[in-house]
Amino acid sequence: MAGVEIGASALKVIGLGVFREGPALYFYSIINLPKNSSDAYITEAIQRALKDNNFTSRDAVLAFSGESSAIRRMELPRVASGEVANAVKWQAKDLVGFDLDTGSMDFRILSETEKEDGSKFMELLFAAASRDSIDKKVRILKSASLAPRSISMNPFGIENLIRMHDDAQFSKTVAAVEIGSAKTEISIFKNKALEFVRTIAIGSFHISESLKSGLAKEGVPGAFSDDEIESVKARFGIPYEEITEGGFSTIQILSSMRTVLERLSKEIRRSIDYYVQEYGQEEVSGVYLTGGGSRLKNLARFLSEGLNIPAKILILPGAIDTSKANLNSEDANALAPLIGLASGYKRCPNLLPHEYRAEKMESIERISLRMTAIIAGCALLASFFLVKFGIGDYRNRIKNAQLQKNILSHVKELKDKVAEREVFFAGLQKSEISVKGIMGELSRITPRRIVLESLGLNKGNKAMDIRGIVYEPKGVAEETVTAFMEELEKSGYFKDAELASVRGEGAGSDERFAFELNCPLE
């Protein structure tokens, strides 16, 4: 699985494998982006990162951020599960700065409460992004030969990291502060679950700009280049000792940055106070720093003093193996949210529009149906010859196995296979069913949104049982199954198509329906 984050000033690309023992990071690449980088430039950078590291997986998770995205907490009167999405979209229109009717949205229910008057409400956390922004970034991934499987946001990646930590501190109420180039995201977690997110327009870029305007080079303010300013930041960070070097003192450095740093600290404090007042039952016990801006030396100390809350760098859980990628601590700070997102993207709200998900499903369905037809044909042909010419051989092998190995389970399995094949082909021969014709017709008329799971022959009723799944919402799924049944009846192989059962599975964007048909044969 590839993880990609296209930020304001940097592109991050990782290669990750998820195993039973935990995730493993294969490689990472952090690429500085020039201002106004074109889509073609970003596409080429992604392709180069994958090629240079010999990473062949095409599946990708995209970490989405920017002004055209939002995570909000809201309260709704309790409604039926099938109506929650529309209710959220209606009430959230005034909470985001883009059109939710065309945008992409997902949500999770935090809690359900009953007020003193008996009215029932739901607390939800919803994530949303504008469709234009999503389409633009999906096009970049596809141009880089990647297939997006999930689009989510960094606070949910941080949540995955916190869930993997064994430290008891994370079971309390804690805050994570992700400092990017142009913004900072404050996320608050309770019992390792994300409960609140606020974004503020202060980032490492603003710290650099304040330092650049406050320091003078050869008596000329603002004469330092961007690279020189970054070198000063890396060398001194937030200085706590007085040193004079290169024509300026650390007092000047601190004085230049102080206004922006104090604004950052006050906004973090305001966010925490708001959460505690509106939603929390206990004070935030710790602040964890992440993102590229968190690498500023002594930032944790400065915020600890300003917030009066212990602050430290968010480290990756020990369960994540980074040895193959030779990940250093500074880059780990910048990559932590993306690594968390790729490690557990299935648990995160997914903003990938349904039609992009359907592309993968349709591809799987086409391959699955073709393979099913090929395998079924080969299996039937092979079974026919095995049953016709090999029953005696199977019986001898069973007897030999009983004598030589005494593996009763294996013997039983072989006997069952012989019996199944004898009964199945006896039924086929008596009913004179055209197996090739039926399989070919099913391949032709099965809709793309239906995946057939199994076919069964009912000898007594001379009928075929068909089981499958429709990957569509309820109303559309009913129409699709009805149309499929009509095609079966028109095929000439089935007298009728009766719906034996149907049941709904999943919810929201993953809603699907399993069905079973009973089809008497002509």
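That block above? That's the structure.
Residues numbered from 1 in each chain as written. Predicted model: local features only at pLDDT ≥ 70, side-chain atom pairs only at ≥ 80, totals over all residues. Heavy atoms only, no water.

(A) Spotlight on the overall build of the protein chain. The secondary structure content of the protein chain amounts to 13 helices and 21 strands. Residue burial in the protein chain is summarised as follows: out of 522 residues, 47% are buried. Restricting the contact set of the protein chain to residue pairs at least 6 apart, pairs at least 24 apart contribute 65%. Counting every atom, the protein chain has about 26,700 Å² of accessible surface; 49% of that belongs to carbon and sulfur. (Helix = DSSP H or I, 4+ residues; strand = E, 2+ residues; numbered from the N terminus. Buried < 20%, exposed > 50% of the residue type's maximum accessible area, 1.4 Å probe, protein only. Contact = heavy atoms within 4.5 Å. Areas by Shrake-Rupley, 256 points an atom, 1.4 Å probe, with all protein chains shown as cover.)

(B) A look at helix H1 (residues 39-52). Between the first and last C-alpha of H1 there are 20 Å, a value that for 14 residues agrees with the 20 Å anticipated at 1.5 Å per step. Every buried residue belonging to H1 is among Ile42, Thr43, Ala45, Ile46, Ala49 and Leu50, and all of these are buried. Projection of H1 onto a plane perpendicular to its axis shows the buried side chains occupying an angular sector of 160°, all on one side. Residues of H1 that are exposed and point more than 90 degrees away from the buried face comprise Ala40, Lys51 and Asp52. Positive backbone phi, at 50°, marks Asn54, one or two positions downstream of H1. (Expected span 1.5 Å × (residues − 1). Arc of directions from axis to C-beta.)

(C) Structural context of the side chain of Ser343. Along the chain, Ser343 falls in helix H9 (residues 329-343). For Ser343, a relative accessible area of 13% corresponds to the buried category. There is a polar contact of 2.7 Å between the side chain of Ser343 and the backbone oxygen of Ile339. Beyond its immediate sequence surroundings of up to four residues, Ser343 is in contact with Leu16, Val18, Pro23, Met164 and Ile320. (Polar contact = N/O pair within 3.5 Å; in protein donor to acceptor, adjacent residues only side chain to side chain.)

(D) Region of interest: the sheet that holds strand E18 (residues 450-458). Pairing is antiparallel across the open sheet formed by four strands, whose spatial order is E18-E19-E21-E20. For this open sheet the edge positions go to E18 and strand E20 (498-505), each flanked by a neighbour on one side alone. When strand polarity is set aside, the average angle formed by the axes of neighbouring strands in this sheet is 15°. With eight bridges connecting them, strand E19 (residues 463-470) and strand E21 (residues 512-520) associate as antiparallel partners. Looking at the pairing, Ile469 lines up with Ala514 of E21. Relative to E21, helix H13 (residues 474-490) is tilted by about 20°, and along the sheet it contacts E18, E19, E20 and E21. (Pairing = 2+ DSSP bridges. Axes fitted to C-alpha atoms, helices over the stretch in contact; angles between N-to-C directions.)

(E) Geometry of the environment of Ile450. When you line up the elements, Ile450 lands in strand E18. A relative accessible area of 4% means that Ile450 is categorised as buried. The spatial distance from the C-alpha of Ile450 to the C-alpha of Val470 is 4.6 Å, given a sequence separation of 20 residues.

(F) Expanded view of the packing of aromatic side chains. Within the structure shown, the criterion is met by ten aromatic pairs. Centre to centre, the rings of Phe196 and Tyr274 are 5.7 Å apart; their planes meet at 40°, and the pair counts as tilted. Of the two residues, Phe196 sits in strand E11 (residues 193-200) while Tyr274 sits in helix H7 (residues 250-278), which places them 78 residues apart along the sequence. Phe196 gets classed as buried once you look at its relative accessible area, which sits at 8%. On the basis of relative accessibility, which here comes to 39%, the residue Tyr274 falls in the partly exposed class. Arranged with centres 6.2 Å apart and planes meeting at 40°, the rings of Phe196 and Tyr279 form a pair that is tilted. With Phe196 in strand E11 and Tyr279 in the loop between H7 and strand E16 (286-290), this residue pair connects regions lying 83 residues apart in the sequence. Among the aromatic residues, ring-to-ring pairing joins Phe196, Tyr274, Tyr275 and Tyr279 into one connected group. Residue placement shows Lys137 over the ring face of Phe64; its charged tip is 4.6 Å from the ring centre. (Phe/Tyr/Trp six-rings, centres within 6.5 Å; stacked < 30°, edge-to-face > 60°. Lys NZ or Arg CZ within 6 Å of the ring centre and 35° of its normal.)

(G) View of H9. For H9, the principal kink sits at Leu335 and spans about 60°; a proline, Pro337, occurs within the next four residues. Where burial is concerned, most of H9 is hidden: 13 out of the 15 residues are buried. One side-chain oxygen of the residue at the start of H9 lies 3.2 Å from the amide nitrogen of Glu330, identifying that residue as Asn328. (Bend = angle between axes of the 7 residues up to and from the residue.)

(H) Local environment of the nonpolar core. Grouped together as the largest cluster of nonpolar side chains are 64 residues, with contacts concentrated most on Leu11, Ile46, Phe156 and Ile339. Ranked by residues supplied to this core, first place goes to H9 with seven residues. Residues Ile200, Met257, Ile268 and Leu303 belong to the second largest nonpolar core, which totals 37 residues. (Core = buried A, V, L, I, M, F, W, Y, C linked by side-chain atoms within 4.5 Å.)

(I) Representation of the sheet that holds strand E7 (residues 120-129). Across the sheet, which stays open at both edges, the three strands sit in the order E5-E7-E6 with antiparallel pairing between neighbours. Two strands bound the open sheet, and with one partner strand each, they are strand E5 (69-77) and strand E6 (104-114). Here the average twist between neighbouring strands, direction ignored, is 20°.

(J) The arrangement of the packing of helix H5 (residues 204-214) against H7 in detail. Following both chains from N to C, one finds H5 and H7 inclined at 140°, their axes separated by 8 Å at the closest point. Relative to H7, H5 is oriented so that their crossing is right-handed. Each of His206, Ile207, Ser210, Leu211 and Gly214 in H5 lies in contact with H7, whose residues at this interface are Ile253, Ser256, Met257, Val260 and Leu261. Here the residues of the contact of H5 with H7 are counted per class, giving six nonpolar, four polar and no charged. (Left-handed = near helix turned anticlockwise from the far one by under 90°. Nonpolar A, V, L, I, M, F, W, Y, C, P; charged D, E, K, R; others polar.)

(K) Local environment of the pairing of strand E1 (residues 2-6). Along E1, five of the five residues are buried, which leaves the element largely enclosed by surrounding structure. Burial of the side chains of E1 extends over both faces: Ala2, Val4 and Ile6 are buried on one face and Gly3 and Glu5 on the other. Taken together, the four bridges between E1 and strand E4 (residues 59-63) define a ladder with parallel strand orientation. When the sheet's bridge partners are listed, Glu5 is paired in E4 with Ala63. The loop that links E1 with its antiparallel partner strand E2 (residues 10-19) comprises three residues.

(L) Region of interest: the environment of Ala40. Structurally, the position occupied by Ala40 is in helix H1. When its relative accessible area of 54% is taken as the criterion, Ala40 is described as exposed.

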